[in-house]
Amino acid sequence: MKTIIFLIALCEVIVSCQPNQEKVSIQPFENEILAHEHAMWERWSAGDPTGFAESFHDDATLFRWHDVQTFARLNGKEEIQEYLHAFTGNIPAHKYEMVDPRIQIYGETAIMTFEYHIFMPESELAGRWKATDVY
(Lines give C-alpha, C1' and ligand atoms only; values in the text may rest on other atoms or scores of the structure.)
Protein backbone atom coordinates (compact mmCIF):
# COMPACT_ATOMS: atom_id res chain seq x y z
CA MET A 1 0.00 0.00 0.00
CA LYS A 2 2.87 2.36 0.81
CA THR A 3 4.28 1.70 -2.67
CA ILE A 4 1.01 2.69 -4.37
CA ILE A 5 0.73 5.87 -2.32
CA PHE A 6 4.36 6.69 -3.11
CA LEU A 7 3.79 6.16 -6.86
CA ILE A 8 0.65 8.32 -6.85
CA ALA A 9 2.48 11.09 -4.98
CA LEU A 10 5.42 10.83 -7.39
CA CYS A 11 3.08 11.15 -10.39
CA GLU A 12 1.47 14.25 -8.88
CA VAL A 13 4.90 15.82 -8.32
CA ILE A 14 5.98 15.06 -11.90
CA VAL A 15 2.77 16.50 -13.34
CA SER A 16 2.92 19.61 -11.16
CA CYS A 17 6.53 20.25 -12.24
CA GLN A 18 5.66 20.32 -15.93
CA PRO A 19 5.71 23.83 -17.40
CA ASN A 20 2.34 25.33 -18.08
CA GLN A 21 2.34 25.42 -21.87
CA GLU A 22 -0.44 27.38 -23.46
CA LYS A 23 -1.59 26.05 -26.79
CA VAL A 24 -0.66 28.57 -29.46
CA SER A 25 -3.00 28.81 -32.41
CA ILE A 26 -1.26 27.82 -35.62
CA GLN A 27 -4.15 28.95 -37.80
CA PRO A 28 -2.59 32.34 -38.70
CA PHE A 29 0.58 30.56 -39.88
CA GLU A 30 -1.43 28.05 -41.88
CA ASN A 31 -3.42 30.86 -43.51
CA GLU A 32 -0.21 32.73 -44.41
CA ILE A 33 1.34 29.62 -45.98
CA LEU A 34 -1.82 28.84 -47.94
CA ALA A 35 -2.01 32.43 -49.21
CA HIS A 36 1.64 32.27 -50.31
CA GLU A 37 1.09 28.95 -52.09
CA HIS A 38 -2.02 30.19 -53.89
CA ALA A 39 -0.21 33.34 -55.01
CA MET A 40 2.57 31.21 -56.53
CA TRP A 41 0.23 28.77 -58.20
CA GLU A 42 -2.06 31.52 -59.54
CA ARG A 43 0.87 32.95 -61.47
CA TRP A 44 2.00 29.51 -62.64
CA SER A 45 -1.50 28.55 -63.81
CA ALA A 46 -1.67 31.84 -65.74
CA GLY A 47 1.47 30.73 -67.60
CA ASP A 48 3.91 32.89 -65.64
CA PRO A 49 6.87 30.81 -64.37
CA THR A 50 8.89 33.91 -63.48
CA GLY A 51 6.27 34.98 -60.95
CA PHE A 52 6.41 31.54 -59.45
CA ALA A 53 10.22 31.75 -59.26
CA GLU A 54 10.14 35.17 -57.60
CA SER A 55 8.38 33.70 -54.58
CA PHE A 56 11.41 31.65 -53.51
CA HIS A 57 13.89 32.76 -50.85
CA ASP A 58 17.54 33.30 -51.79
CA ASP A 59 18.61 30.00 -50.21
CA ALA A 60 15.70 27.89 -51.52
CA THR A 61 16.07 24.42 -52.99
CA LEU A 62 13.93 22.99 -55.79
CA PHE A 63 14.02 19.51 -57.23
CA ARG A 64 13.37 19.09 -60.95
CA TRP A 65 10.20 17.11 -61.41
CA HIS A 66 10.27 16.29 -65.11
CA ASP A 67 13.85 15.34 -65.95
CA VAL A 68 15.18 12.65 -63.65
CA GLN A 69 18.17 11.91 -65.90
CA THR A 70 19.98 15.16 -65.10
CA PHE A 71 21.12 16.69 -61.84
CA ALA A 72 17.85 17.12 -60.03
CA ARG A 73 18.52 19.66 -57.27
CA LEU A 74 18.61 23.40 -57.90
CA ASN A 75 20.34 25.42 -55.21
CA GLY A 76 19.33 29.00 -54.56
CA LYS A 77 16.86 31.40 -56.06
CA GLU A 78 19.12 32.28 -59.00
CA GLU A 79 19.37 28.66 -60.22
CA ILE A 80 15.65 28.16 -59.70
CA GLN A 81 14.79 31.30 -61.67
CA GLU A 82 17.11 30.28 -64.52
CA TYR A 83 15.54 26.82 -64.65
CA LEU A 84 11.94 28.08 -64.52
CA HIS A 85 12.64 30.82 -67.08
CA ALA A 86 12.96 28.04 -69.67
CA PHE A 87 9.24 27.35 -69.17
CA THR A 88 8.25 30.83 -70.35
CA GLY A 89 5.70 30.45 -73.13
CA ASN A 90 5.38 26.71 -72.53
CA ILE A 91 2.87 26.64 -69.68
CA PRO A 92 -0.68 26.68 -70.98
CA ALA A 93 -3.11 28.73 -68.96
CA HIS A 94 -5.19 26.41 -66.84
CA LYS A 95 -7.24 26.16 -63.71
CA TYR A 96 -5.89 24.31 -60.72
CA GLU A 97 -7.06 22.82 -57.50
CA MET A 98 -4.92 22.30 -54.43
CA VAL A 99 -6.25 19.00 -53.10
CA ASP A 100 -6.02 17.88 -49.50
CA PRO A 101 -3.44 20.41 -48.31
CA ARG A 102 -1.89 19.53 -44.98
CA ILE A 103 0.37 21.85 -43.01
CA GLN A 104 2.42 20.51 -40.13
CA ILE A 105 4.29 22.97 -37.94
CA TYR A 106 7.33 22.01 -35.90
CA GLY A 107 8.75 24.98 -34.05
CA GLU A 108 9.85 27.44 -36.74
CA THR A 109 9.49 24.91 -39.56
CA ALA A 110 6.34 24.13 -41.52
CA ILE A 111 5.83 21.31 -43.99
CA MET A 112 3.01 21.48 -46.51
CA THR A 113 1.92 18.53 -48.60
CA PHE A 114 -0.80 18.53 -51.25
CA GLU A 115 -1.80 17.43 -54.72
CA TYR A 116 -1.91 19.95 -57.56
CA HIS A 117 -4.69 19.05 -59.99
CA ILE A 118 -4.57 20.61 -63.44
CA PHE A 119 -7.74 21.40 -65.39
CA MET A 120 -7.39 22.61 -68.96
CA PRO A 121 -10.15 24.78 -70.46
CA GLU A 122 -13.09 22.68 -71.60
CA SER A 123 -11.69 19.48 -70.08
CA GLU A 124 -11.71 17.39 -67.01
CA LEU A 125 -8.67 16.61 -64.90
CA ALA A 126 -5.62 16.81 -67.18
CA GLY A 127 -2.87 16.02 -64.69
CA ARG A 128 -1.87 15.59 -61.08
CA TRP A 129 1.29 16.51 -59.24
CA LYS A 130 2.24 15.74 -55.68
CA ALA A 131 4.11 18.42 -53.83
CA THR A 132 5.93 18.95 -50.57
CA ASP A 133 7.01 22.46 -49.57
CA VAL A 134 9.09 23.24 -46.50
CA TYR A 135 8.99 26.66 -44.89
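See the structure shown above.
Computed from a predicted model, the values in this text were never measured in an experiment.

Participant: For helix α2 (residues 27–45), give the residues involved together with the corresponding values.
Facilitator: The first and last C-alpha atoms of α2 sit 26 Å apart over 19 residues, in line with the 27 Å expected at 1.5 Å per residue. Along α2, the residues that are buried comprise E30, I33, E37, M40, W41, W44 and S45. The buried residues of α2 occupy an angular sector of 130 degrees when projected down its axis, which confines them to one face. In α2, the exposed residues that point more than 90 degrees away from the buried face are P28 and E32. Among the residues trailing α2, G47 stands out with phi positive, at a value near 90 degrees.

Participant: How would you sum up the pairing of strand β3 (residues 95–106)? Please name residues and give values.
Facilitator: The pairing of β3 with strand β4 (residues 109–119) spans ten bridges and is classified as antiparallel. The partner of I103 across the bridge, within β4, is M112.

Participant: Can you break down the nonpolar core residue by residue, with the values?
Facilitator: Counting 24 residues, the largest nonpolar core has W41, W44 and L84 as the members making the most contacts within it. Sorting the residues of this core by element identifies α2, α3 (49–54), α4 (76–85), β3 and β4 as the ones contributing at least two each. Looking at which element gives the most residues to this core, the answer is β4, with five residues. Those residues in contact with W41 that sit more than four places away from it in its chain are F52, Y96, M98, F114, Y116 and W129.

Parameters at a glance
- Residues numbered from 1 in each chain as written.
- Predicted model: local features only at pLDDT ≥ 70, side-chain atom pairs only at ≥ 80, totals over all residues.
- Heavy atoms only, no water.
- Helix = DSSP H or I, 4+ residues; strand = E, 2+ residues; numbered from the N terminus.
- Expected span 1.5 Å × (residues − 1).
- Buried < 20%, exposed > 50% of the residue type's maximum accessible area, 1.4 Å probe, protein only.
- Arc of directions from axis to C-beta.
- Pairing = 2+ DSSP bridges.
- Core = buried A, V, L, I, M, F, W, Y, C linked by side-chain atoms within 4.5 Å.
- Contact = heavy atoms within 4.5 Å.

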